[in-house]
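# Descriptive analysis of the structure
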Amino acid sequence: MIRKYQFFLYIVTKFLGVLVKIMVSKHRVGLIFGKFYPLHCGHIYLIEKAISQVDELHILLGCEAIRDKQLFDKSRLPKQPQVSDRFAWLKETFKDRHNIHIHILDETGIEYYPNGWQDWSDRVKKILSEHKITPTVVFTSETQDVKNHQLYFGCPVVTVDADREFMHISATEIRQNPYKNWPFIAQVAKPFFVKKVAIISHQKLNDLPVQFANIYNTEYVANGYINYIQREVSTCHNQRYLSESDYIKIAMLQVERISTAERVANKLLFTSIDFATLAQYYHQIFHKEHEVLKALTESYHFDLVINEKDLNPTHSSLEHFETVAKMVDALLI
């Protein structure tokens with residue numbers, strides 16, 4: 001009886017061993033490499049098509065400080081995406097996908113592409129080893145890389161949309177003209193590139209921020225200073241009724257409103273006050289600077305600030321409109 005039981009256990013153990021081997025052999029692990037500078041719809045298509053063919057997908061975000069700065073200097077991007085930005089765009093885009101994993105691949109000290117394959121693959125393999133990753137397939141849109149991927153990683157390579165027939169875009173094209181190629185930029189990356197315009201007016205230009213928001217089919221952020229006065233100080237518009245803390249509340253409200261609007265803005269965002277103007281109002285009343293307003297003025301960048309006092313006072317409303325239109329349009333060239 002005991003022998004029969006032992007034999008049964010032996011058969012079951014063998015069977016389970018074979019089953020595990022079969023399951024492991026069918027577990028497909030994919031790799032994708034890229035700079036994602038910036039993340040765009042072509043990248044997302046590559047990743048989504050890849051994950052439909054494997055059980056887990058590992059994305060290696062390549063970065064190298066000097067090369068990345070050179071790419072920016074040659075581009076027409078309004079500001080340089082940092083590694084943290086590119087990592088965050090990938091994480092946010094695929095936040096609900098438990099089987100997509102993102103790793104940062106520091107390429108410092110490696111010869112620039114198309115050289116340095118041996119050192120580069122060694123750096124990749126170190127990351128794979130640290131995370132106990134055994135790739136079974138590499139996905140790429142670059143046909144010129146297929147042979148080297150096969151050589152250095154010893155697994156098949158699947159090309160996806162190599163001719164860009166499905167998604168006719170590249171990161172190079174976006175870097176050269178981000179606003180012309182706006183629809184292709186990943187949704188999570190767009191707020192990074194939104195240009196902020198403040199049109200400061202006490203009379204003649206009051207309607208322009210709303211007008212241009214309508215023209216460019218984008219967001220207008222109301223003047224938090226005026227809104228706060230109307231809400232908190234009833235109908236009195238005399239700024240002496242505002243306390244020092246009120247100004248900080250107004251500033252924080254404006255930051256929140258702008259940040260919210262940036263997430264859905266179409267290339268541009270318009271408002272009728274900036275933090276320098278708010279700090280100026282504060283200084284006129286209290287005859288001193290406030291550290292919070294000073295910090296916001298220095299760190300919260302507006303791409304264009306148009307002040308009514310700087311325009312020709314003899315011009316008509318139409319002339320002001322046309323002047324501002326040229327200034328705004330120049331932002332998107």
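Structural data are supplied above this passage.
Let me begin by describing the structure that accompanies this report.

Looking only at helices and strands, the protein chain features 14 helices and 9 strands. Per-residue burial for the protein chain yields a buried fraction of 44% across its 333 residues. Intrachain contacts of the protein chain at a sequence separation of at least 6 include 73% that bridge at least 24 residues. Put simply, the protein chain shows about 18800 Å² of open surface, and 54% of that area lies on carbon and sulfur atoms.

Next up on the list: the sheet that holds strand β6 (residues 195-200). Across the sheet, which stays open at both edges, the 4 strands sit in the order β7-β8-β6-β9 with parallel pairing between neighbours. Strands with a single pairing partner mark the edges of an open sheet, and in this sheet they are β7 (219-221) and β9 (304-307). Looking at each pair of strands side by side, their axes are set apart by 20 degrees on average, direction ignored. Taken together, the 4 bridges between β6 and β9 define a ladder with parallel strand orientation.

Another aspect to go through is the pairing of β6. The element β6 is largely enclosed, with a buried count of 6 among its 6 residues. What you see with β6 is no split at all: K195, V197 and I199 on one side and K196, A198 and I200 on the other are buried throughout. Strand direction decides the pairing type here: β6 and strand β8 (residues 268-271), joined by 4 bridges, are parallel. Paired with A198 across the strands is T271, a residue of β8.

Quantified by volume, the largest pocket comes out at close to 1200 Å³. Lining of the largest pocket is provided by 44 residues; of these, F33, G34, K35, E142 and D145 occupy positions nearest its centre. Elements represented by at least two residues in the lining of the largest pocket include exactly β1 (29-34), α2 (41-51), β2 (56-63), α3 (65-73), α5 (117-130), β4 (137-140) and α7 (171-176). Broken down by element, the residue count for the lining of the largest pocket peaks at 4 residues, all from α2. Among the residues forming the lining of the largest pocket, the class breakdown is 19 nonpolar, 14 polar and 11 charged.

Turning our eyes to something else, we now look at the packing of aromatic side chains. Taken as a whole, this structure holds 22 aromatic pairs when the rule is applied. Considering the side-chain rings of W89 and F193, the 6.0 Å spacing of their centres and the 45 degrees angle between planes classify their relative orientation as tilted. Of this pair, W89 sits in helix α4 (residues 83-93) while F193 sits in helix α8 (residues 190-193), placing them 104 residues apart in sequence. You'll find W89 and F193 in the same group, each marked buried. The aromatic ring of F192 is capped on one face by K79, whose charged end is 4.5 Å from the ring centroid.

What follows covers the pattern of salt bridges. Counted by the stated rule, this structure contains 10 salt bridges. A salt bridge links E107 to R67; its shortest N-O distance comes to 2.6 Å. With E107 in the loop between β3 (100-106) and α5 and R67 in helix α3, the pair connects residues that are 40 residues apart, well separated along the chain. Each member of the pair E107 and R67 is classed as buried. Note that D310 and K309 form a salt bridge whose closest N and O atoms lie 3.5 Å from each other. Like K309, D310 is exposed. Shared partners join several salt bridges into a network, and the residues in it are R67, D68, R86 and E107.

For the rest of this paragraph, the subject is empty space enclosed by the protein. Under the defined criterion, the tally for this structure stands at 1 cavity of 30 Å³ or more. Quantified by volume, the largest cavity comes out at close to 50 Å³. In terms of lining, the largest cavity is formed by G224, Y225, I250, Q254, I273, D274, F275, L278 and F302. When residues of the lining of the largest cavity are traced back to their parent elements, those giving at least two are α10 (224-232), α11 (244-262) and α12 (275-286). Here the residues of the lining of the largest cavity sort into 6 nonpolar, 2 polar and 1 charged.

Bringing unusual backbone geometry into the picture now. Going from Y37 to P38, the amide bond is cis rather than trans, its omega being 5 degrees. Cis geometry is found at the peptide bond from Y113 to P114, where omega equals 10 degrees. Note on placement: P114 falls in the loop between β3 and α5. A positive phi is found at R164, a non-glycine position, where the angle reads about 55 degrees. Among the secondary structure elements, R164 is positioned in the loop between β5 (157-159) and α7. Phi is positive for K267, which is not a glycine, with a value near 70 degrees. Examined against the element boundaries, K267 turns out to sit in the loop between α11 and β8. K267 gets classed as partly exposed once you look at its relative accessible area, which sits at 23%.

Definitions and limits used
- Residues numbered from 1 in each chain as written.
- Predicted model: local features only at pLDDT ≥ 70, side-chain atom pairs only at ≥ 80, totals over all residues.
- Heavy atoms only, no water.
- Helix = DSSP H or I, 4+ residues; strand = E, 2+ residues; numbered from the N terminus.
- Buried < 20%, exposed > 50% of the residue type's maximum accessible area, 1.4 Å probe, protein only.
- Contact = heavy atoms within 4.5 Å.
- Areas by Shrake-Rupley, 256 points an atom, 1.4 Å probe, with all protein chains shown as cover.
- Pairing = 2+ DSSP bridges.
- Axes fitted to C-alpha atoms, helices over the stretch in contact; angles between N-to-C directions.
- 1 Å grid on protein atoms, 1.4 Å probe; cavity = no way out; pocket = protein on both sides within 12 Å on 5 of 7 lines; lining within 4 Å.
- Points joined across faces, edges and corners; volume = space filled by probe spheres on them.
- Nonpolar A, V, L, I, M, F, W, Y, C, P; charged D, E, K, R; others polar.
- Phe/Tyr/Trp six-rings, centres within 6.5 Å; stacked < 30°, edge-to-face > 60°.
- Lys NZ or Arg CZ within 6 Å of the ring centre and 35° of its normal.
- Salt bridge = Lys/Arg side-chain N within 4 Å of Asp/Glu carboxyl O.

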